[in-house]
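Overview (structure and organization)
This is what each chain is made of:
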Amino acid sequence: MSINLRTVYAFAREMYPKITTEPIQYGTAGFRGKAEFLDSVMFRMGVLATLRSRFRGGSVIGVMITASHNPEPDNGVKLIDPKGEMLEPSWETIATDLVNVSDQDLEQQVAKIIKDNQIDVASSSHVYVGMDNRYHSPRLLKAVSDGVIALKGNVREFGIVTTPMMHYFVVSANTKEAYGKPTEEGYYKKLISAFEELRDGCLEKGNYRNYLVFDGANGVGARKMLQFIKRMNKSLDITVINQGIGSGKINEDCGADYVKVQQRPPKSMPSVEPFTRCVSVDGDADRVVYFFTDDSGQFHLLDGDRIATLVAGYLMDLIKSCEINLRLGLVQTAYANGASTDYIENELKVPVSCVPTGVKHLHHKALEYDVGIYFEANGHGTIVFSDYAKSVIAQAVTTNPKAKTLLLLIDLINETVGDAISDMLLVETILNHKGWDVKDWISTYNDLPNRQLKIKVKDRNVITTTDAERICVKPVGLQDEINMAVSNYKRGRAFVRPSGTEDVVRVYAEAATKEDTENLSYEVGLLVQRLAGGVGPELTKPNNAHL
Ligand code: 16G
Ligand code: MG
């Protein structure tokens, strides 16, 4: 096969010209931005995915087009490495350089990547592409595919799929189907058969009722949940809201991010019995949170920390009862509620580690355990089992029937990445096995009130952090001031960090009471504005502020 790099340049100039010189960076979740500026980025990512596939000996590389929980006008793209992981960091830099060069320099830049990485351009390559249901996604998907075609690679388009489905397809293909069939049906089949076998015909038990409301965020999750329902043998009774039909916009006033950040149900929430389990996922269905309202109409959130603690407690008991010895650990970020960390360390007695925000950090750390559970408070997470754990469990099945449950759980869990639907089926399995409703679940510990703020500054990169983002190093002096503010509040904790996805600095605060939390977040917000070059409007002073 002969490759003419001129084709890349010609395609780019004719069909996907770069229309902005604004620099763009491969961040925590790939490239994100307004959809109208992304055509050239997508084309170049098609080119890069093809090169990456050749570099990795022809393994399948995935490309997912989505802006996840961001508003509808945004879109984004992220590459998936052969084992389902996020793109290797050194290639993030290559990606950033490639999308920022001018059209004229593109051919030369591609040649440089080939040379620097000694890529055999005549070798075979396989790229899988999927997208969310934003109206501009099909146009951007075509741009990615053209990028692959420009380098004579093989491209397979999956159409509208969730992000975790793409990870699943990539891993399934690269493991020669040992993980499952790399098709949409293969994905449904793997999850549903494990889920139904785990229910074993027992749909209701103790306080557990077999009904929930599913908020699909007007995104891909809604469509796929409807497909699940069609294929499930009535093993779970689900009402899907925010299905993305009609005027509903993706993530607008609904979905996991809205529910978590606003701490309220989606706007379109129908009236349901108090204590009904409700689930919200984000636009590309890799995050999930639970919520309910009690009999006084009060809203309660069960976020990623709650899911992590539920799963950790359950798995630990199960492992013990199978009489096997596996090192189980839980990975969180600084956003984890302090009460959840206390509960895990002191009650469950499971080791906890804290890492910087972003799935790749959590996933990487979780791989250090035999059974590594990781969740961000925002609802992104999964469980990874080492090869050793899998072999010990498989061995235990021969002598202890309980180990079969563990084996089925491994099938139910999408180990490649946080998967809202798989996580939800896991939570449903655990609640069902325990005979728990949301009251039982939430009573395990009391969350500390918490608050997040976004602060606009001239340049968010003036803030640098260390110790898994819990300590601010620069600007010098800011951390001392934060410490001083925190010391005035019982159970106070606060940190600041530059966002990886938006041009803002984020502030997190928690304290013993809601009032204290409001005050602490306000104080820290003011500090950021003062010491890190705030440009936004004055922060709204809480009613009871003592400043
Ligand atoms: C991205 C990350 C998510 C993280 C969020 C933080 C992945 C796949 N996603 O969505 O894990 O919580 O960014 O956003 O890594 P922020 O940096 O704007 O706070
Ligand atoms: Mg997402």
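Just so it is clear, the model here is predicted, and its values are computed rather than measured.

Right, let's get into the packing of helix 1 (residues 6–15) against helix 4 (residues 103–116). Running from amino to carboxyl end, helix 1 crosses helix 4 at an angle of 155 degrees, the nearest separation of the two axes being 9 Å. Accordingly, the angle class assigned to the pair helix 1 and helix 4 is roughly antiparallel. In this structure, helix 1 crosses over helix 4, and the sense of that crossing is right-handed. Mapping the contact onto sequence places Arg6, Val8, Tyr9 and Ala12 in helix 1 and Asp103, Gln104, Leu106, Glu107 and Val110 in helix 4. Of the residues in the contact of helix 1 with helix 4, the class split is five nonpolar, one polar and three charged.

A few words on the packing of aromatic side chains. Applying the stated criterion across every chain yields a total of 19 aromatic pairs. Geometrically, the ring pair formed by Tyr16 and Phe43 is stacked, given 5.2 Å between the ring centres and 20 degrees between the ring planes. Linking Tyr16 in the loop between helix 1 and strand 1 (31–34) with Phe43 in helix 2 (residues 39–55), this pair joins segments that are 27 residues apart in sequence. Exposure remark for Tyr16: the relative accessible area of 6% places this residue in the buried category. The class for Phe43 is buried, based on a relative accessible area of 0%. Counting every residue linked through ring pairs, the aromatic cluster contains Tyr128, Phe158, Tyr168, Phe169, Tyr179, Tyr187, Tyr188 and Phe228. For the cation-ring pair, Arg52 lies above Trp91, with the distance from its terminal atom to the ring centre recorded as 4.8 Å.

All right, on to the UniProt feature "binding site: substrate" (unreviewed entry) in the protein then. As annotated by UniProt and renumbered to match this structure, "binding site: substrate" (unreviewed entry) occupies Glu376, Ala377, Asn378, Arg497, Pro498, Ser499, Gly500, Thr501 and Arg506. Checking the annotated residues one by one, the ones that line the second largest pocket turn out to be Arg497, Pro498, Ser499, Gly500 and Thr501. Relative to the helices and strands, Ser499 is located in the loop between strand 18 (493–498) and strand 19 (505–510). Those residues in contact with Ser499 that sit more than four places away from it in its chain are Arg460, Val504 and Arg506. Here Glu502 takes part through its backbone nitrogen, which lies 2.8 Å from a polar atom of the side chain of Ser499.

Let's shift gears to the site of ligand 1. Every one of the 16 residues lining ligand 1 counts as a neighbour, but Glu376, Ser499, Gly500, Thr501 and Arg506 are closest to it. Interatomic distance of 3.0 Å between a side-chain N/O atom of Asn378 and an oxygen atom of ligand 1. Relative to its unbound accessible area of 450 Å², ligand 1 is 94% covered by the protein chains.

Surrounding the magnesium ion (ligand 2) are the protein donor atoms Ser68 (OG), Asp282 (OD), Asp284 (OD) and Asp286 (OD), which sit 2.0 to 2.2 Å from the metal. Sequence spacing of the donors to the magnesium ion (ligand 2): S-x213-D-x1-D-x1-D. In this structure Asp282 comes out as buried when scored by relative accessible area, which is 0%.

What follows deals with the UniProt feature "domain: Alpha-D-phosphohexomutase C-terminal" (unreviewed entry) in the protein. Under the UniProt annotation, "domain: Alpha-D-phosphohexomutase C-terminal" (unreviewed entry) lies at residues 479–520. As a span, residues 479–520 carries 36% helix and 29% strand, and end to end its C-alpha atoms are 14 Å apart.

For the rest of this paragraph, the subject is empty space enclosed by the protein. According to the stated counting rule, one finds one cavity of 30 Å³ or more in the structure shown. The computed volume of the largest cavity comes to approximately 50 Å³. Tyr26, Gly27, Thr28, Ala29, Gly30, Lys78, Leu79, Met86, Leu87, Glu92 and Lys360 together form the lining of the largest cavity. Split into classes, the residues belonging to the lining of the largest cavity amount to five nonpolar, three polar and three charged.

A separate point is helix 9 (residues 255–262). Spacing of three or four residues puts side chains on the same side of an α-helix, whose turn is 3.6 residues. Turning to helix 9, its buried residues number three or more, namely Gly255, Ala256, Tyr258, Val259 and Lys260. Positioned one or two residues after helix 9, Gln263 has a phi angle of 50 degrees, which is positive.

What counts and how
- Residues numbered from 1 in each chain as written.
- Chains lettered and ligands numbered in written order.
- Predicted model: local features only at pLDDT ≥ 70, side-chain atom pairs only at ≥ 80, totals over all residues.
- Heavy atoms only, no water.
- Axes fitted to C-alpha atoms, helices over the stretch in contact; angles between N-to-C directions.
- Helix = DSSP H or I, 4+ residues; strand = E, 2+ residues; numbered from the N terminus.
- Parallel < 35°, antiparallel > 145°, perpendicular 65-115°, else oblique.
- Left-handed = near helix turned anticlockwise from the far one by under 90°.
- Contact = heavy atoms within 4.5 Å.
- Nonpolar A, V, L, I, M, F, W, Y, C, P; charged D, E, K, R; others polar.
- Phe/Tyr/Trp six-rings, centres within 6.5 Å; stacked < 30°, edge-to-face > 60°.
- Buried < 20%, exposed > 50% of the residue type's maximum accessible area, 1.4 Å probe, protein only.
- Lys NZ or Arg CZ within 6 Å of the ring centre and 35° of its normal.
- UniProt positions renumbered as here; feature names shortened; annotations may be inferred.
- 1 Å grid on protein atoms, 1.4 Å probe; cavity = no way out; pocket = protein on both sides within 12 Å on 5 of 7 lines; lining within 4 Å.
- Polar contact = N/O pair within 3.5 Å; in protein donor to acceptor, adjacent residues only side chain to side chain.
- Near = heavy atom within 4 Å.
- Areas by Shrake-Rupley, 256 points an atom, 1.4 Å probe, with all protein chains shown as cover.
- Donors = N, O, S within 2.8 Å, 3.2 Å for Na, K, Ca; no water.
- Points joined across faces, edges and corners; volume = space filled by probe spheres on them.

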